[in-house]
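So the chains spell out like this:
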Amino acid sequence: MRWTGSFACLFALAGTAQAAEVNLYTTREPGLIRPLLDAYSAKSGVTVNTVFVEKGLAERVAAEGERSKADVVMTVDIGNLIELVDRGLAQAVRSPTLEAAVPAPLRDADGRWFGLSMRARVLYADKGLNDLTAATYESLADPAWKGKVCIRPGQHPYNTALIAAFLVRHGAEKTEAWLKGVKANLARKAAGGDRDVARDIAADLCEVGLANSYYVGLMRSGRGGPDQQKWGEAIKVVLPTFEGGGTHVNVSGAIVAKNAPNRDEAVKLLEYLVSDEAQALYAKTDYEYPVKPGAAVDPLLSAFGTLTIDTTPLVEIARNRKAASLLVDKVGFDN
């Protein structure tokens, strides 16, 4: 764990909670959320005291128990949100603002977690490839792609979420066969990260690969340096879908902590984060998709085409993560 520099430090939290404060624990990199929190403080006058917890977020909040200063707990990946709920660390929130802004598939029916932004699992492809507009996740197992696919490890949470969605849709037998087919089509061992997929396509090592949508913006913006900028410019992005479904998405999201000392301020912060202003900042700063229908999408993401979100419930995806992981090991996907 490390403390963020310009955010108010939680050393200041000892004693009685302040009415004009809200305490945020998060796994999100400070640079990604700082613009949103600064904008909220400027707008509301509320101080956001922020702690970045790199690993063991749920364990940290659980260990603090009733003494915890956490009001809002923010993390990425539906599995992490569900873990917070399953461990009894979240409290139910009823907010017409949140319920109107966040579509039902992207929030808990009982108000215990809310999606705040989305990232799509998309296809990075060589710019010379045509006729990919109807690409499906299922088609990546087609022998026509033999020796042409790059991907990060199957056991990475980004991929186990996608595999779990496949499992919910198609069942274990078809998912296992699909994993074997994709493995047979790999141009190299499943390894590295999503940006490495773009790198290897640029180097003509492979022609297509699965990766998250927001990395394209981060690469093309030059934030990762000139090499990554070249990788980002060397690929095109296609929004694949499941057969008869939509594009797989995962979320960043948050809960109001069970023992939140500033509960009302916590709810107000979440309500701000789904406002038009904050949703536009998510898109501009992080190259993520807004959860709020009609909110501004960064032009880079708009250029990918219309995102049709797959309707497989995120809760079902989270519940099938372990089964997906077992299938990855069974077929030796990462070997």
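Numbering of residues starts from 1 in every chain and runs along the sequence as written. Only residues with pLDDT of at least 70 get local features here, since the model is predicted, and only at 80 or more are side-chain atom pairs given and counted; chain-wide, interface and lining totals rely on the full set of residues. With hydrogens and water set aside, each side-chain value is computed from the structure's full complement of heavy atoms.

A word on the overall build of the protein chain
- Summing up its helical and strand segments, the protein chain has 13 helices and eleven strands in all.
- The C-alpha atoms of the protein chain give a radius of gyration of 20 Å, which matches the 20 Å a tight globule of 335 residues would have.
- For the protein chain, the spread of C-alpha atoms along the three principal axes comes to 65 × 40 × 35 Å.
- With a 1.4 Å probe rolled over the protein chains alone, any residue whose accessible area is under 20% of its type maximum counts as buried; one over 50% counts as exposed, and the rest are partly exposed. Sorting the 335 residues of the protein chain into buried and exposed places 55% on the buried side. Think of it this way: any DSSP run of H or I at least four residues long counts as a helix, any run of E at least two long counts as a strand, and we number them from the N terminus. Throughout, the radius of gyration refers to the C-alpha atoms, and the reference size of a globule is 2.2 Å times the residue count to the power 0.38.

Considering the layout of surface pockets
- Empty space within the largest pocket amounts to approximately 720 Å³.
- Thr27, Arg28, Glu54, Val76 and Tyr158 are, among the 27 residues lining the largest pocket, the residues nearest its centre.
- Among the elements of the structure, helix H2 (57-64), strand E4 (72-76), helix H3 (78-86), helix H5 (157-184), helix H7 (214-220) and strand E10 (249-257) are those that each provide at least two residues to the lining of the largest pocket.
- The nonpolar class holds Ala, Val, Leu, Ile, Met, Phe, Trp, Tyr, Cys and Pro. Asp, Glu, Lys and Arg form the charged class, and all remaining residues, Gly among them, are polar. Per-class residue counts for the lining of the largest pocket are twelve nonpolar, six polar and nine charged.
- There is about 280 Å³ of room inside the second largest pocket.
- A cavity here means a set of 1 Å grid points, computed over protein atoms only, where a 1.4 Å probe fits but cannot escape. A pocket is an open set with protein on both sides within 12 Å along at least 5 of 7 lines, and lining residues have an atom within 4 Å of a point. Lining the second largest pocket are 16 residues; nearest its centre among them are Met118, Tyr289, Pro290, Val297 and Leu307.
- Residues of the lining of the second largest pocket, tallied by class, amount to eleven nonpolar, four polar and one charged. Grid points are joined across faces, edges and corners, and a volume is the space filled by probe spheres set on the points.

Focus: the pattern of salt bridges
- Salt bridges are counted wherever a side-chain nitrogen of Lys or Arg sits within 4 Å of a carboxyl oxygen of Asp or Glu. Scanning all chains against the criterion turns up 21 salt bridges.
- With a closest N to O distance of 2.6 Å, arginine 119 and glutamate 288 form a salt bridge. Of the two residues, arginine 119 is situated in strand E6 (residues 114-126) and glutamate 288 in the loop between helix H10 (276-286) and strand E11 (289-290); the sequence distance between them amounts to 169 residues.
- A relative accessible area of 5% means that arginine 119 is categorised as buried.
- Under the relative-accessibility criterion, glutamate 288 is labelled buried at 1%.
- Measuring nitrogen to oxygen at the nearest pair gives 3.3 Å for the salt bridge that ties arginine 199 to aspartate 196. With arginine 199 and aspartate 196 both in helix H6 (residues 194-202), this residue pair falls three residues apart, about one helical turn.
- Judged by its relative accessible area of 33%, arginine 199 is partly exposed.
- In this structure, a network of salt bridges that share partners links the residues Arg188, Asp196, Arg199 and Asp200.

As for the state of the cysteines
- Any cysteine sulfur atom paired with another within 2.5 Å is treated as part of a disulfide. In this structure the tally under the stated criterion is one disulfide.
- With a sulfur-sulfur separation of 2.1 Å, cysteine 150 is cross-linked through a disulfide to cysteine 206. Judged by the sign of its S-S torsion, about -115 degrees, the bond between cysteine 150 and cysteine 206 is left-handed. Taken as a pair, cysteine 150 in strand E7 (residues 149-150) and cysteine 206 in the loop between H6 and strand E8 (208-212) lie far apart in primary sequence, 56 residues in all.

A few points about the environment of glutamate 176
- Tracing the sequence through the fold places glutamate 176 in helix H5.
- Taking the C-alpha atoms as reference points, glutamate 176 and valine 51, separated by 125 residues in sequence, lie 40 Å from one another.
- Residues are treated as being in contact if the distance between any of their heavy atoms lies within 4.5 Å. Ignoring anything within four residues of it in the chain, the contact list for glutamate 176 reads Leu327, Lys330 and Val331.
- At a separation of 3.2 Å, a polar atom in the side chain of glutamate 176 contacts the side chain of lysine 330. Under the rule applied, a polar contact is a pair of N or O atoms within 3.5 Å (in protein, one hydrogen donor and one hydrogen acceptor; residues adjacent in sequence only if both atoms are side-chain atoms).

Details of the nonpolar core
- Here, nonpolar core refers to any group of buried Ala, Val, Leu, Ile, Met, Phe, Trp, Tyr and Cys residues whose side-chain atoms link them within 4.5 Å. Counting 112 residues, the largest nonpolar core has Tyr124, Leu273 and Phe333 as its most contacted members.
- Ignoring any residue separated from it by four or fewer positions in sequence, one finds phenylalanine 333 in contact with Ile151, Gly154, Leu179, Val182, Lys183, Leu186, Ala190 and Val328.

Details of the pairing of E4
- With respect to burial, E4 is a largely interior element, four of its five residues being buried.
- Two strands pair under a simple rule: DSSP has to find at least two bridges between them. Looking at chain direction, strand E2 (residues 21-26) and E4 are connected through three bridges and run parallel. Residue pairing in the sheet places tyrosine 25 in a bridge with valine 73 of E4.
- In this sheet, E10 lies alongside E4 in antiparallel orientation, the contact comprising five bridges.

Considering the confidence of the model for the protein chain
- Scored by pLDDT, the protein chain comes out at a mean of 93, with 94% of its residues at no less than 70.
- Every residue gets a pLDDT, meaning the predictor's confidence in that residue, from 0 to 100. Scored below 50 in pLDDT, residues 1-18 makes 37 contacts in the model with residues more than four places away or belonging to other chains.

Quick notes on the packing of aromatic side chains
- Pairing of aromatic rings covers Phe, Tyr and Trp, the last counted by its six-membered ring, and requires centre-to-centre distances within 6.5 Å; plane angles under 30 degrees mean stacked, over 60 mean edge-to-face, and any other angle means tilted. The tally for this structure, following the rule as stated, stands at five aromatic pairs.
- Aromatic pair tyrosine 137 and phenylalanine 242: ring centres 4.7 Å apart, planes at 45 degrees, arrangement tilted. Highlighted residues: tyrosine 137 in the loop between E6 and E7 and phenylalanine 242 in the loop between strand E9 (235-238) and E10, separated in sequence by 105 residues. Comparing tyrosine 137 with phenylalanine 242, the two get one shared label, buried.
- Ring geometry for tyrosine 214 and tyrosine 215: centres 4.4 Å apart, planes at 25 degrees, overall stacked. Across this residue pair, the class does not change: tyrosine 214 and tyrosine 215 are buried.
- By the ring-pair criterion, three or more aromatic residues cluster together here, those being Tyr137, Phe166, Trp178 and Phe242.

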